[in-house]
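Geometric and topological summary
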There are 2 protein chains.
Amino acid sequence: MLPVVVVHGGAGHIPKERSDLSTSGVCSAVRSAYAVLQGGGSSMDAVVEAAMLLENNPSFNAGCGSVLNLKGEVEMDALVMDGKTLSSGAVSAVRNIANPVQLARLVMDKTSHACLTAEGASQFARSMGVPEVPQESLITEYSRMRWKKNLAPDANPVECQMGKMGTVGAVAVDTDGNVACATSTGGMLNKMEGRVGDTPCIGSGGYADNMSGAVSTTGHGEAIMKVTLARHILFHMEQGQSAEAASDLGLAHMKSRVGGLGGVVTVDPQGNWAARFSSRQMAWAAAQKGTLHYGLYTGEHFTQIIEDAH
Amino acid sequence: MLPVVVVHGGAGHIPKERSDLSTSGVCSAVRSAYAVLQGGGSSMDAVVEAAMLLENNPSFNAGCGSVLNLKGEVEMDALVMDGKTLSSGAVSAVRNIANPVQLARLVMDKTSHACLTAEGASQFARSMGVPEVPQESLITEYSRMRWKKNLAPDANPVECQMGKMGTVGAVAVDTDGNVACATSTGGMLNKMEGRVGDTPCIGSGGYADNMSGAVSTTGHGEAIMKVTLARHILFHMEQGQSAEAASDLGLAHMKSRVGGLGGVVTVDPQGNWAARFSSRQMAWAAAQKGTLHYGLYTGEHFTQIIEDAH
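What counts and what doesn't
- Residues numbered from 1 in each chain as written.
- Chains lettered and ligands numbered in written order.
- Predicted model: local features only at pLDDT ≥ 70, side-chain atom pairs only at ≥ 80, totals over all residues.
- Heavy atoms only, no water.
- Least-squares fit on C-alpha atoms with pLDDT ≥ 70 in both.
- Contact = heavy atoms within 4.5 Å.
- Axes fitted to C-alpha atoms, helices over the stretch in contact; angles between N-to-C directions.
- Helix = DSSP H or I, 4+ residues; strand = E, 2+ residues; numbered from the N terminus.
- Parallel < 35°, antiparallel > 145°, perpendicular 65-115°, else oblique.
- Left-handed = near helix turned anticlockwise from the far one by under 90°.
- Nonpolar A, V, L, I, M, F, W, Y, C, P; charged D, E, K, R; others polar.
- 1 Å grid on protein atoms, 1.4 Å probe; cavity = no way out; pocket = protein on both sides within 12 Å on 5 of 7 lines; lining within 4 Å.
- Points joined across faces, edges and corners; volume = space filled by probe spheres on them.
- Phe/Tyr/Trp six-rings, centres within 6.5 Å; stacked < 30°, edge-to-face > 60°.
- Buried < 20%, exposed > 50% of the residue type's maximum accessible area, 1.4 Å probe, protein only.
- Lys NZ or Arg CZ within 6 Å of the ring centre and 35° of its normal.
- Buried area = accessible area lost by both parts, 1.4 Å probe.
- Salt bridge = Lys/Arg side-chain N within 4 Å of Asp/Glu carboxyl O.
- Polar contact = N/O pair within 3.5 Å; in protein donor to acceptor, adjacent residues only side chain to side chain.
- UniProt positions renumbered as here; feature names shortened; annotations may be inferred.
- Pairing = 2+ DSSP bridges.

1. Considering the relation of the copies chain A and chain B
- Between chain A and chain B, the superposition needs a rotation of 180° and an axial shift of 0.0 Å, giving an RMSD of 0.0 Å. Expressed as an axis order, the relation between the two copies is that of a two-fold axis. Closest approach to the rotation axis within chain A is made by the C-alpha atom of C201 of chain A, at a distance of 3.0 Å.
- A symmetric contact is evident, with 100% of the interface residues of chain A recurring at the interface of chain B.

2. Topic: the packing of helix α8 (residues 229-238) of chain A against helix α9 (residues 243-258) of chain A
Residue and element names in this part refer to chain A.
- Two numbers describe how α8 lies on α9: the axes approach to 8 Å, and their chain directions differ by 135°. The pairing of α8 with α9 is recorded here as oblique in orientation. Once α8 is placed against α9, the crossing between them reads as right-handed. In this structure, α8 uses L229, H232, I233, H236 and M237 to contact α9, whose residues at the interface are A243, A246, S247, L249, G250, L251, H253 and M254.
- For the contact of α8 with α9, a count of residues per class yields eight nonpolar, five polar and no charged.

3. Notes on the environment of C64 of chain A
Residues and elements named next belong to chain A.
- If you trace the backbone, C64 turns up in the loop between α2 (43-56) and β2 (76-82).
- Taking the C-alpha atoms as reference points, C64 and L261, separated by 197 residues in sequence, lie 25 Å from one another.
- Filtering out sequence-adjacent residues up to four positions away, C64 remains in contact with E55, N56, N57, P58, S137, L138 and T140.

4. Here we look at the layout of surface pockets
- Estimates place the volume of the largest pocket at around 470 Å³.
- Around the largest pocket sit 36 residues that line it, and A118, E119 and G120 of chain A together with A118 and E119 of chain B are the ones nearest its centre.
- Listing elements by their share of the lining of the largest pocket, those giving two or more residues are β3 (88-94) and α4 (118-127) of chain A together with β3 (88-94) and α4 (118-127) of chain B.
- Looking at the lining of the largest pocket residue by residue, the class counts come to 14 nonpolar, ten polar and twelve charged.
- Here the second largest pocket defines a volume of roughly 290 Å³.
- Every residue lining the second largest pocket is counted, 16 residues in all, and those nearest its centre are E244, A275, R276, W284 and G299 of chain B.
- Sorting the residues of the lining of the second largest pocket by element identifies α9 (243-258) and β10 (273-277) of chain B as the ones contributing at least two each.
- Counting residues per element, the lining of the second largest pocket draws most heavily on β10 of chain B, which supplies five residues.

5. Focus: unusual backbone geometry
- Backbone torsion omega between L2 of chain A and P3 of chain A reads 0°, so that peptide bond is classified as cis.
- Within the fold, P3 of chain A resides in the segment before β1 (4-12).
- In this model, K289 of chain B sits at a positive phi of 50°, which is unusual for a non-glycine residue.
- Here K289 of chain B shows up in the loop between β11 (281-288) and β12 (291-297).

6. Let's talk about the packing of aromatic side chains
- Evaluation of the coordinates by the stated rule reveals five aromatic pairs over all chains.
- Between Y294 of chain B and F302 of chain B, the ring centres sit 5.3 Å apart and the planes meet at 35°, which makes this aromatic pair tilted.
- With a relative accessible area of 17%, Y294 of chain B lands in the buried category.
- Judged by its relative accessible area of 40%, F302 of chain B is partly exposed.
- Cation over ring: R231 of chain A sits above F235 of chain A, and NZ or CZ is 3.6 Å from the ring centre.

7. Topic: the interface of chain A and chain B
- Of the residues lining the interface, 46 residues belong to chain A; the matching set on chain B comes to 46 residues.
- Together, H113, K226 and R257 of chain A form the three largest contributors to the area buried by chain A at its contact with chain B, with a combined 17%.
- Across the chain A-chain B interface, the total number found is two salt bridges.
- For D209 of chain A, the salt bridge is made with R257 of chain B, and the minimal N-O distance between the two is 2.9 Å.
- Put simply, chain A and chain B have 18 residue pairs in polar contact (both at pLDDT 80 or more) between them.
- Every element with two or more residues in the side of chain A that touches chain B is listed here: β4 (115-117), α4, β7 (206-209), α7 (221-226), α8 and α9 of chain A.
- The element that contributes the greatest number of residues to the side of chain A that touches chain B is α4 of chain A, accounting for five residues.
- Tallied by class, residues from the side of chain A that touches chain B come to 19 nonpolar, 16 polar and eleven charged.

8. Regarding the UniProt feature "active site" (unreviewed entry) in chain A
All names here are of chain A.
- Residues annotated by UniProt as "active site" (unreviewed entry) correspond here to T167.
- If you trace the backbone, T167 turns up in the loop between α6 (157-161) and β5 (168-173).
- Apart from the residues lying within four places of it in its own chain, the contact partners of T167 are H8, G9, G10, N61, T183, S184, T185, T199, T217 and T218.

9. Thoughts on the UniProt feature "binding site: substrate" (unreviewed entry) in chain A
All names here are of chain A.
- The sites that carry the UniProt feature "binding site: substrate" (unreviewed entry) are, in the present numbering, R195, V196, G197, D198, T218, G219, H220 and G221.
- In this fold, T218 is placed in strand β8 (residues 213-219).
- The contacts of T218, once residues within four sequence positions are left out, are H8, G10, A11, T167, I224, G262, G263 and M282.
- If you trace the backbone, G219 turns up in strand β8.
- Apart from the residues within four sequence positions on either side, G219 is in contact with I224, L261 and G262.

10. Some thoughts on the pairing of strand β8 (residues 213-219) of chain B
Residue and element names in this part refer to chain B.
- A large share of β8 lies buried, amounting to seven of its seven residues.
- Where strand β7 (residues 206-209) lies against β8, four bridges are found, and the strand directions are antiparallel. Paired with Y207 across the two strands is V215, which belongs to β8.
- Linking two consecutive strands that pair antiparallel, namely β7 and β8, is a turn of three residues.

11. As for the environment of P131 of chain A
Residue and element names in this part refer to chain A.
- One can find P131 in the loop between α4 and α5 (141-149).
- Since its relative accessible area comes to 57%, P131 is described here as exposed.
- When the C-alpha positions of P131 and N99 are compared, they lie 9.8 Å apart, and in sequence the two are 32 residues distant.
- For P131, the residues in contact, after removing those within four places along its chain, are N96 and I97.

12. Looking at helix α8 (residues 229-238) of chain B
- Counting buried positions along α8 of chain B gives eight out of ten residues, so the element sits mostly inside the fold.
- Among the residues of α8 of chain B, those classed as buried are L229, A230, R231, H232, I233, L234, F235 and M237 of chain B.
- In this structure, the buried side of α8 of chain B is in contact with α8 of chain A together with β7, β8, α7 (221-226), α9 and β9 (262-267) of chain B.
- Looking at the residues trailing α8 of chain B, positive phi occurs at G240 of chain B, about 105°.

Printed below as a string of structure tokens:
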């Protein structure tokens with residue numbers, strides 16, 4: 001059953017003309033992350049690889065392609081967590097870097113802290129030699145068009161957010177049975193400057209514990225925080241629920257209690273996995289035992305043999 | 001049993017010469033918060049009142065009296081959560097305001113977001129008419145002395161942190177049975193600029209849910225985040241544990257799993273409450289049925305009749 005990696009490209013409604021790009025993006029990211037695991041890499045290496053590729057892909061709301069805040073600027077959040085030690089690293093409202101998930105990992109690996117925010121995160125990035133990139137390199141025509149549209153007085157950014165690919169994320173188990181998660185996002189469309197959502201918040205945007213499993217979440221951030229969705233799902237798994245049943249229980253609880261929609265990817269330490277969502281769509285992909293799995297709509301589950309790269 | 005309010009002034013080791021100030025500070029804060037509840041105020045009104053008074057008291061690491069970051073500056077975090085709606089508000093790494101907990105409440109009440117950070121939080125404060133205060137007004141001689149001491153190459157800020165009053169917080173249940181929590185802190189001694197700890201992180205620094213109860217935490221922030229301590233304790237209460245047993249289970253889990261010490265104040269919606277800690281001391285106080293309860297060392301529990309202010 002091991003290794004395994006599962007990724008998502010955000011929960012929401014994906015316009016037809018963008019759905020192929022979303023599917024190919026998550027499939028490509030999961031293949032690379034799986035190759036990392038097959039090459040002996042750790043689950044942390046694999047989830048960071050997947051999230052980086054999705055950050056670099058302009059079709060997703062993370063890194064290049066991030067949504068813009070009210071001022072038309074890019075501020076990004078990211079989180080990683082290591083299920084063996086429960087160590088985590090996060091950045092919030094960080095600017096001018098290509099890969100927030102890498103910086104989150106550096107916070108975990110190189111500091112005694114678990115989260116750095118805003119200018120403090122930028123200073124740390126500089127001290128680690130992370131290259132600064134111009135903001136323009138992170139902004140796509142599509143995200144600028146949507147930002148302008150949502151400045152209109154009758155706009156509904158939350159509604160509109162659900163019409164766009166969201167947050168990206170990944171969970172994995174390596175051959176040693178260690179679990180990890182990573183989540184990265186540009187946040188919510190036309191958010192206030194300095195808004196921090198669920199993504200960098202441990203237990204909400206993600207959680208990983210070798211005793212139970214790992215989860216990465218996507219959807220309406222404020223709703224995810226209200227129910228600490230990732231931690232909630234893992235509590236169900238600690239009570240004996242499967243990855244799939246626990247994910248569905250967590251999403252159903254979020255819908256009934258606070259009216260929020262979203263999606264998750266979940267693994268347990270044995271390699272059982274789930275990609276579940278209450279939104280209309282979620283681009284997801286998984287790789288296990290030489291097989292690629294992927295889907296976009298509820299109930300969709302395609303498979304493909306992964307040809308050996310060697 | 002209702003109303004009830006419980007406050008803490010931080011877990012750690014409190015030097016003897018400061019212990020009277022700590023005890024009188026938490027007792028005074030809990031009396032004012034209890035008067036709010038008796039006057040028909042909500043649990044949210046009461047926890048914000050208590051946290052504000054502790055922020056204004058230079059004996060505690062929150063608001064005036066906050067510890068300093070590596071650069072000798074004050075950056076503060078705060079969180080409030082409403083157990084009826086699961087709405088929350090937080091600020092992280094905010095500067096130049098006297099009462100971060102009030103700003104956290106404004107984030108909850110006046111925005112569609114749950115957290116604002118750094119300069120974005122300051123902009124929001126200005127837009128709400130919150131007065132800016134000079135940084136010097138938040139810095140005490142004691143905190144500056146400790147900052148200098150910890151710049152020495154052989155200093156151990158984590159160890160030293162445990163020798164100082166930490167984070168402040170409160171939980172309450174009002175006569176309608178609504179629970180709420182508030183937590184506020186200057187963070188960790190000699191932290192990096194932009195470091196965000198457990199306090200503003202929902203589920204770690206606090207959590208409130210009318211279905212189970214409310215918790216406010218204090219201690220080593222990074223350890224608290226690893227186990228999402230507040231949410232962890234409430235999961236135990238959902239499983240039928242009492243406020244006291246669940247608090248002890250959460251603290252024991254944090255100690256055994258990640259070696260972290262801390263303390264919590266906890267209530268359930270019926271008004272059962274607990275003030276528990278694994279650190280050497282925690283200044284705490286509670287008010288219920290016209291009686292003030294307070295203590296500082298493990299096992300200490302003094303009581304006093306609260307004279308009617310009317």
